[in-house]
Amino acid sequence: MPKPIVAVGALGGTIAMSAPGMEAVKPELDAAALVASVPVLEDVAEIRSHSISNVPSPAIVPSNVLAALDFAREAVDSGADGVVLTHGTDTLEESAYFLDLLWDREEPLVLTGAMRSPNVPGADGPANLLASVVTASAPEARGMGVLVALDDTVHLARLVTKSHATAVSAFQSPGWGPVGRIVERKLRLMLRPARVFDPLPVPDVRDIEIPIVQSPFGDDGQWVTAIATSNPRALVIEASGAGHLSIPAADAVEELMGEGLIVVMTTRTGSGSTTEHTYGYPGSEEDLIVRGVIPGGFLNARRLRILLHVLLSSGMTPNQIRNEVQFRGE
Ligand code: ASP
């Protein structure tokens, strides 16, 4: 039986960082070095490696993600059965969701990284790379959109989040859980998404310009005026509970929407969905929706920001954007 072909594209992050002795680590290993450090990969698949960039997460911008998309599409078009991207873990969830919105192939596209660099005891990069290559090779992972594999667990890009600053088990899908696990170098897939969305048009390369603001206790809404002066393309609010703001914040946001700004809200709790008709007081989710705020459903603020960026770039009207956000957030 011929081995599956898996393309590995490296973007950077801790998985590729090293340093002499106890010094703080920096990007170092390219894709070929990463793959060479895990010889067992060759037992699982024929690997084609390529370095896309070698930067830490905070340096990743939309052009890196779009370059990764081009790499993945070209790899599949030239025969790869699946694609793995290595990425810094800090913003991995954003790149994974960005790609999930755009991925227009059946072949698995799997993102991975490492919480511990290769030069420290217990480095998790090699195991994560192996888990990702196993996942990308698996026929049952086809048609699931973008996946994220770390710590021998496999998550949907639309649900996963980095939920711990340092733990090897940092990647979780709060409120849902993983869809599969790696056992003895095999993917054990337990769940498939009930809905897979149509790919969206690839946006032009440009900055995102959509701030995220978390509404705090005793919110006086002063931040709304500050945000307005930066002339954003849209605004994402992490509201309390299932989508609630103080009256001053709700009034200030309403004024901003009156000037044409698209405002989407999500819960600041870290998991669960916004509601629509549970509370009816001023500043409640029902009141905010009547005033024009779009409820983001289960999508967290970081994902909503990426989604809005892609939708705004596609030239949709505000009404189409509202429908699309609600449809994808449900
Ligand atoms: N802590 C990070 C990582 O896990 C650094 C980064 O995201 O680039 O890769």
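Up top is the structure.
Described in the following lines is the structure provided in the data block. (Residues numbered from 1 in each chain as written. Predicted model: local features only at pLDDT ≥ 70, side-chain atom pairs only at ≥ 80, totals over all residues. Heavy atoms only, no water.)

## Observations concerning the site of the ligand
Moving on, step 1. What surrounds the ligand is the set Gly13, Thr14, Met17, Pro56, Ser57, Gly88, Thr89, Asp90, Ala114 and Lys162.
Moving on, step 2. Residue threonine 14 places a main-chain N or O atom 2.7 Å away from an oxygen atom belonging to the ligand.
Moving on, step 3. Between an oxygen atom of the ligand and a main-chain N or O atom of aspartate 90, the distance comes to 3.0 Å.
Moving on, step 4. Burial of the ligand by the protein chains amounts to 85% of its free accessible area of 260 Å².
Moving on, step 5. Residue composition of the shell around the ligand, grouped by class: three nonpolar, five polar and two charged. (Near = heavy atom within 4 Å. Polar contact = N/O pair within 3.5 Å; in protein donor to acceptor, adjacent residues only side chain to side chain. Areas by Shrake-Rupley, 256 points an atom, 1.4 Å probe, with all protein chains shown as cover. Nonpolar A, V, L, I, M, F, W, Y, C, P; charged D, E, K, R; others polar.)

## Notes on the nonpolar core
Moving on, step 1. Membership of the largest hydrophobic core comes to 51 residues, with the highest contact counts inside it found for Val83, Leu85, Leu308 and Val325.
Moving on, step 2. For this core, the secondary-structure elements that each account for two or more residues are β1 (5–12), α3 (62–77), β5 (82–86), α4 (92–102), β6 (109–112), β7 (146–150), α9 (301–313) and α10 (318–329).
Moving on, step 3. The contacts of leucine 85, once residues within four sequence positions are left out, are Gly9, Leu11, Ile52, Ala68, Phe71, Leu99, Leu109, Val110, Leu111 and Thr112.
Moving on, step 4. Counting 33 residues, the second largest nonpolar core, distinct from the first, contains Val6, Leu41, Val133 and Met144. (Core = buried A, V, L, I, M, F, W, Y, C linked by side-chain atoms within 4.5 Å. Buried < 20%, exposed > 50% of the residue type's maximum accessible area, 1.4 Å probe, protein only. Helix = DSSP H or I, 4+ residues; strand = E, 2+ residues; numbered from the N terminus. Contact = heavy atoms within 4.5 Å.)

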